[in-house]
Amino acid sequence: MSAAIEAADARAHVTLLEKEPKAGGNSAKATSGINGWGTDAQAEQGVADEERLFERDTFRSGRTGRTDRSLVRTLSSKSADAVHWLKHRHGVPLTVLSQLGGHSAKRTHRAPADADGRPVPIGWKITSTLKATIDAEYGDRIEVRTGAAVTKLVHAIGADGSKTVTGVEVNGSEVVEADAVVLATGGFGCCQSADGLMGRFRPDLIGTPTTNGPFAKGEGVLLGEELGAELVDMDKVQLHPTGFIDPKDPSNPTKYLAPEAIRGSGGILVNSAGKRFVNELDLRSVVAAAIQEHCSPYEADGYVGPPFAWCIIAPPAQELFGAPVLSFYKGRLGLFEECEDVSAVADLVGCSVEALTVTLQEYEEASKLGMCRKTHKDVFPSVIGPGSRNLLVARITPSIHYTMGGLNINPSGEVQERIGSIVGSHRHIRGLFAAGEVTGGVHGGNRLGGNSLLECVVFGRIAGERAATVRHPQEAMFPDAKSDGGRGEGNWIPVVLREVRNTDKKYGMNTREIRFNMHGSFQHSGLDIGQFIALRGQLDGETLMGYFSPITRPSDEGVIGILARADDRGGPIAGLLELSRPGSTFYMCAMGGLRLKFEQERIAFRSKEVKRIGLLAGGTGIAPMIQIIRAYGHYARAFPGELPPFQLSLVYAAEEMHDLAYMKILETVQASIPHHFRYHVMLNRPPLGWTGKSGSPIEM
């Protein structure tokens, strides 16, 4: 729905297709909250938080899988905007803050109880509010159709093998034409068939309880895969440590989620021996694994289930979490049992009173010290001890909660496919976008609590806005760049920063690859091979400018990339680029340059055919040469019999070893077209052991 609203705001007409009777999916079931740093709620409550902490927590949580740096930076830098968009644009009261497991600050936002004291499930509040906004304000721009299952992506294939999505097939027969399609179909957490996605990638989890609705079968992932989209981290499935076991129906495979805020308010976990075994606020993956290792299987009336733990909540934690919410789980669902004192808890758990008393006494002492030596817990939201009374106790078990894997996307929400290219291994599937749990690459091996709703809003808005640009009327961003009148100071065009990639290991020390969105997803730059651009921006009221050669090819769609130094050698604009974040606006202008033309049967320079190309480059000044080398490599592979050997040569000179950039690309191109390209590297100050050339190029 975030994508639909954003696309409609960009003047697109949207058809929202929902296979269920009503929209919302698993997002409507979410209870923990939505993350954001730098929000007004944090400021009002005196919470100190910052970008590096949020990103560190996200990377730390997902370290066993793929957490794409550009996607995480986008998620982080747009988190406050997402929270404020929901709060101020749509009226979702995100005023309650909590600190979930794996977080270093209170940054997970929820809504307070309503006027009658009843809990407000935050996922339901967000989805119902957005749906109400669509109904009230977008009746002429967003058509919502329920009971409409997408069964195929309709597409065309170009001469170069590229795919363009032109619509969808609905319910196996009807074709709905579209300029672009955004997949927001969720994950596969309830796919329990052996031949489904869970059976293919995590067969060991077949039969594991789940908190997902029965609709979460992963159809969007399958639709993209059928079209050739790359899948990432498909084996990364998150077990939420606390799915409620209903003592009245313990074998039911679908569990109510015991919100993370229960532990975030001070709830503790013990096993059937009455002993704590884990930091309750550790990562979900850590807590779930600890339950499986230290707890006994659930047994009742002949049923033997998975390992489970007991969650105990004292009155201070009950108050923090919210009595009305607990009343729902206790009174309406019967998932909590009341115990007058520790002795009653021990009777329920089946452990000795002495063992449980020791556990609670140790916990009480640890909370006073601010550190539990056994579990290394150092955040104690509330206190529980051997003298605590009026306790609530529930049975919980790890349950499939979220699938981190899915379709590979870039920071613009464009679905990627792998290609066999000399340089660059991916390209977008034209007109196909995705956001939310259907995608992979954001959360890595374990999603940080509160990042799922955030991902839906951040990348949903990005994908919707970007999908609306596919019909941009201007084919080239710089339509007059090839003429003298189309270049220079009078032709500045605003561009939006997509991502900044640290390329120290890939291209050379202190280098950054910086990518900007063109105005349209299908646009190309309009530049020639070897033509450079000027880039302008402001920092502290001062206008800064630099000149760069794009490292993307002129034919690349929707994006223009440059290579820049991040140190003093990058000039004054280097500091601005280093400080900029996704969504920042710069101005770009087409300039001059070598301007080669790779035509169908020849390479031309100033209308004259070029037989041989010799290139001389220094340091990061190699960027324009890389563009020429890439184009030549594609040309040589397209017309292998028409080029004499070794018609492209490069002399690459630098002061020191760390000044060299793009060495891996040069090696890759040479290996790909070994009979057409050769290069020589020279260092003026070579390191000990250097076996290449030294001195200046003039001495060759």
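Residues numbered from 1 in each chain as written. Predicted model: local features only at pLDDT ≥ 70, side-chain atom pairs only at ≥ 80, totals over all residues. Heavy atoms only, no water.

## Some words on the overall build of the chain
Next up, step 1: Within the chain one finds 19 helices and 33 strands.
Next up, step 2: The C-alpha atoms of the chain give a radius of gyration of 29 Å, which matches the 27 Å a tight globule of 700 residues would have.
Next up, step 3: With the principal axes as the frame, the chain shows a C-alpha extent of 90 × 65 × 50 Å.
Next up, step 4: Across the chain, every contact between residues at least 6 apart in sequence was considered, and the portion connecting residues at least 24 apart equals 71%.
Next up, step 5: For the chain, the computed accessible surface area is about 29,400 Å², with 50% contributed by carbon and sulfur atoms.
Next up, step 6: Placing the 75 positive and 80 negative side-chain charges of the chain at their respective mean positions leaves the two points 4 Å apart. (Helix = DSSP H or I, 4+ residues; strand = E, 2+ residues; numbered from the N terminus. Rg over C-alpha atoms; globule rule 2.2 N^0.38 Å. Contact = heavy atoms within 4.5 Å. Areas by Shrake-Rupley, 256 points an atom, 1.4 Å probe, with all protein chains shown as cover. Lys, Arg positive; Asp, Glu negative; His and termini not counted. Charge placed at Lys NZ, Arg CZ, Asp CG, Glu CD.)

## Details of the sheet that holds strand β2 (residues 34-35)
Next up, step 1: Taken in spatial order, the three strands line up as β2-β4-β3 in an open sheet, and their pairing is antiparallel. Bordering the open sheet on either side are β2 and β3 (96-98), each of which pairs with just one other strand.
Next up, step 2: Pairing of β3 with strand β4 (residues 108-110), which is carried by three bridges, proceeds in the antiparallel orientation. Across the sheet, the residue bridging to V96 is R110, located in β4. (Pairing = 2+ DSSP bridges.)

## Overview of the pairing of strand β22 (residues 493-502)
Next up, step 1: In this sheet, strand β27 (residues 585-598) lies alongside β22 in antiparallel orientation, the contact comprising four bridges. By the bridge assignment, V495 is partnered in β27 with F586.
Next up, step 2: Sheet topology places β22 next to strand β23 (residues 511-517); six bridges connect them, and they run antiparallel. Residue pairing in the sheet places R501 in a bridge with E513 of β23.

## What to know about the pattern of salt bridges
Next up, step 1: All told, the structure shown has 46 salt bridges when counted by the stated rule.
Next up, step 2: When the shortest N-O distance is used, the salt bridge between K236 and D235 registers 3.0 Å.
Next up, step 3: Judged by its relative accessible area of 17%, K236 falls in the buried class.
Next up, step 4: One salt bridge in this structure joins R427 and E417, with 3.0 Å as the shortest N-O distance. Note that R427 is positioned in strand β20 (residues 426-434) and E417 in strand β19 (residues 414-418), a separation of ten residues in sequence.
Next up, step 5: Relative accessible area serves as the criterion here: at 23%, R427 is assigned to the partly exposed category.
Next up, step 6: Using a relative accessible area of 4% as the deciding quantity, one classes E417 as buried.
Next up, step 7: One continuous salt-bridge network, built from bridges that share partners, spans D49, R56, D57 and R107. (Salt bridge = Lys/Arg side-chain N within 4 Å of Asp/Glu carboxyl O. Buried < 20%, exposed > 50% of the residue type's maximum accessible area, 1.4 Å probe, protein only.)

## Observations concerning the packing of helix α3 (residues 51-61) against helix α4 (residues 69-77)
Next up, step 1: Where α3 contacts α4, the axes come no closer than 10 Å and their chain directions differ by 135°. For the element pair α3 / α4, the angle class is oblique. Remark: the crossing between α3 and α4 carries right-handed chirality. Touching E51, F54, E55, T58 and F59 of α3 are R69, V72, R73, L75 and S76, all from α4.
Next up, step 2: Its residues placed into classes, the contact of α3 with α4 shows four nonpolar, two polar and four charged. (Axes fitted to C-alpha atoms, helices over the stretch in contact; angles between N-to-C directions. Parallel < 35°, antiparallel > 145°, perpendicular 65-115°, else oblique. Left-handed = near helix turned anticlockwise from the far one by under 90°. Nonpolar A, V, L, I, M, F, W, Y, C, P; charged D, E, K, R; others polar.)

## What about the packing of helix α5 (residues 79-89) against helix α15 (residues 451-467)?
Next up, step 1: The N-to-C vectors of α5 and α15 enclose an angle of 95°; their axes lie 9 Å apart at closest approach. By the angle class used here, α5 and α15 are roughly perpendicular. Every residue of α15 that contacts α5 at S79, D81, A82, W85 and L86 is listed here: L454, V457, V458 and R461.
Next up, step 2: In terms of residue class, the contact of α5 with α15 is made up of six nonpolar, one polar and two charged.

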